[in-house]
There are 2 protein chains.
Amino acid sequence: MVPRKPREERINEITQAAIDVFLEKGYENTTMDTIAKKAGISKGGLYHYFPSKDMVLVSANEKISEKVGEIMESAGCCSSVREGILYYIENYIRYWLEHPKETAFLFLSIAKMLENPELLKYYQQYTSDYVAFFEGAFNLGIQLGEFKPHNVKASAITLMAALDGVLSYMIFDEELVLEEVVKQFEEKFITPIEV
Amino acid sequence: MVPRKPREERINEITQAAIDVFLEKGYENTTMDTIAKKAGISKGGLYHYFPSKDMVLVSANEKISEKVGEIMESAGCCSSVREGILYYIENYIRYWLEHPKETAFLFLSIAKMLENPELLKYYQQYTSDYVAFFEGAFNLGIQLGEFKPHNVKASAITLMAALDGVLSYMIFDEELVLEEVVKQFEEKFITPIEV
DNA sequence: CCTACCGATCGGTAGG
DNA sequence: CCTACCGATCGGTAGG
């Protein structure tokens, strides 16, 4: 028997269907059957592709976070390392700010992964990529003489942490303007390490 | 009919029972009946004190976060504002780091509150208290000539955000030592504003 | 023995 | 503050 569609593609469709329902109804209020129906598949068929609802969560989380990878890539085109990092910070915050439901889902995913040792490794992958991005950028900046030598990994983690942390604050506090926050991040995380 | 115990006390007992079960089994795997049994009450009785499972979550969250208030108070006794803020940063991180289950629960609570407009106000209360603490500290520091005048609210939010954000990183990344992280926070958030 | 599924139903639980 | 009980639903699995 020949598969109608490649496995990868099917997984992609299911993940997108899951995201649609998760964002509309929340994770806990979404049934596997609803996801299956939306993906044009049976529940039994869904379990052929995903071993559990948790793994659908992980897959949805990965897909939602893909946008962040794109922002990283675009940041590479900036004229200086400094501009690249600022570009990333601004667009990272902007993306989540413009997608509050995705942000709530992101936080739920983190919570789920933190409380489930089986899932923790997916979260580790997700964060180590982001930290590596900043580490690479800082190192490049040092190499190019833009930045002073410093503890690059520690800086990268603090910056990533502050970015993640600030998201939930910004969602409900309308006084917090994007430009203000970006300026803050520039003052705290970039200016001090500049040559 | 005379209540056997004051309402406040009963709510406290139930909240503690709920925390015990939440931390052991996770929020979603905890039934109202289990909480009730643990608190020595019936499920019907439990609903006399809490209108919904969500409100038990909020109450549990408040109680778990009480420790943070105590750290704030202790920080007031430090010899300088600088030392007080450092004391708070160190003990805030230490507390959550030593209680990873509580941290996972905290993140879950945030996620729940972000996705439920009804609950958002509880989260707002929770954060505005913390931001106010740092705002107060920074203002005092400026008054006493320890710190340079600067955008105090923005600094407070960025610092709080970074603190919250760094927690999830530290839980799984064992390379991240408390002292290192505290040093980072000092460099980024205190040294630059010192006179 | 493998793949890509399906219709039907299980044992157990939920908040109220 | 309880017993009794509801309408509905869940994630996951069976055989084919």
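Residues numbered from 1 in each chain as written. Chains lettered and ligands numbered in written order. Predicted model: local features only at pLDDT ≥ 70, side-chain atom pairs only at ≥ 80, totals over all residues. Heavy atoms only, no water.

As recorded in an unreviewed UniProt entry, chain A goes by Transcriptional regulator TetR family protein and comes from Methanobacterium formicicum.

### Regarding the state of the cysteines
Residue and element names in this part refer to chain A. Note the following rule: By convention in this document, the label disulfide applies to cysteine sulfur atom pairs within 2.5 Å. Exposure categories follow from relative accessible area, calculated using a 1.4 Å probe and restricted to protein chains: below 20% of the type maximum is buried, above 50% is exposed, and the middle band is partly exposed.
Using the criterion set out here, one finds zero disulfides over all chains in the structure. With no disulfide of its own, C78 has C77 as its nearest cysteine by sulfur position, at a separation of 7.1 Å. Look at C78 and you get partly exposed, because its relative accessible area is 25%.

### Overview of the interface of chain A and chain B
The criterion, for reference: Residues are treated as being in contact if the distance between any of their heavy atoms lies within 4.5 Å. Buried area is understood as the total, over both parts, of accessible area removed when two parts are fitted together, assessed with a 1.4 Å probe. For this analysis, a salt bridge means a side-chain nitrogen from Lys or Arg found within 4 Å of a carboxyl oxygen belonging to Asp or Glu. Polar contact is the term for a pair of N or O atoms within 3.5 Å; when the atoms are in protein, one must be able to donate a hydrogen and the other to accept it, and sequence-neighboring residues count only if both atoms are side-chain atoms. For helices the rule is a DSSP run of H or I covering at least 4 residues; for strands it is a run of E covering at least 2, with both sets numbered from the N terminus onward. Under this grouping Gly is polar, as are all residues other than the nonpolar Ala, Val, Leu, Ile, Met, Phe, Trp, Tyr, Cys and Pro and the charged Asp, Glu, Lys and Arg.
On the side of chain B, 40 residues touch chain A, which itself brings 40 residues to the contact. Where chain A abuts chain B, roughly 3600 Å² becomes buried across the two surfaces, and 69% of that area is made up of carbon and sulfur atoms. Among the residues of chain A in contact with chain B, Y169, F172 and K188 of chain A are the three that bury the most area, contributing 20% of the side total. Viewed at the interface, chain B and chain A are joined by two salt bridges. The shortest N-O distance in the salt bridge between K153 of chain B and D173 of chain A comes to 3.7 Å. On inspection of chain A and its partner chain B, the count reaches ten residue pairs in polar contact (both at pLDDT 80 or more). Elements with a minimum of two residues in the side of chain A that touches chain B: α6 (100–115), α7 (117–143), α8 (152–172) and α9 (178–190) of chain A. Looking at which element gives the most residues to the side of chain A that touches chain B, the answer is α8 of chain A, with 15 residues. Counted by class, the side of chain A that touches chain B contains 22 nonpolar, nine polar and nine charged residues.

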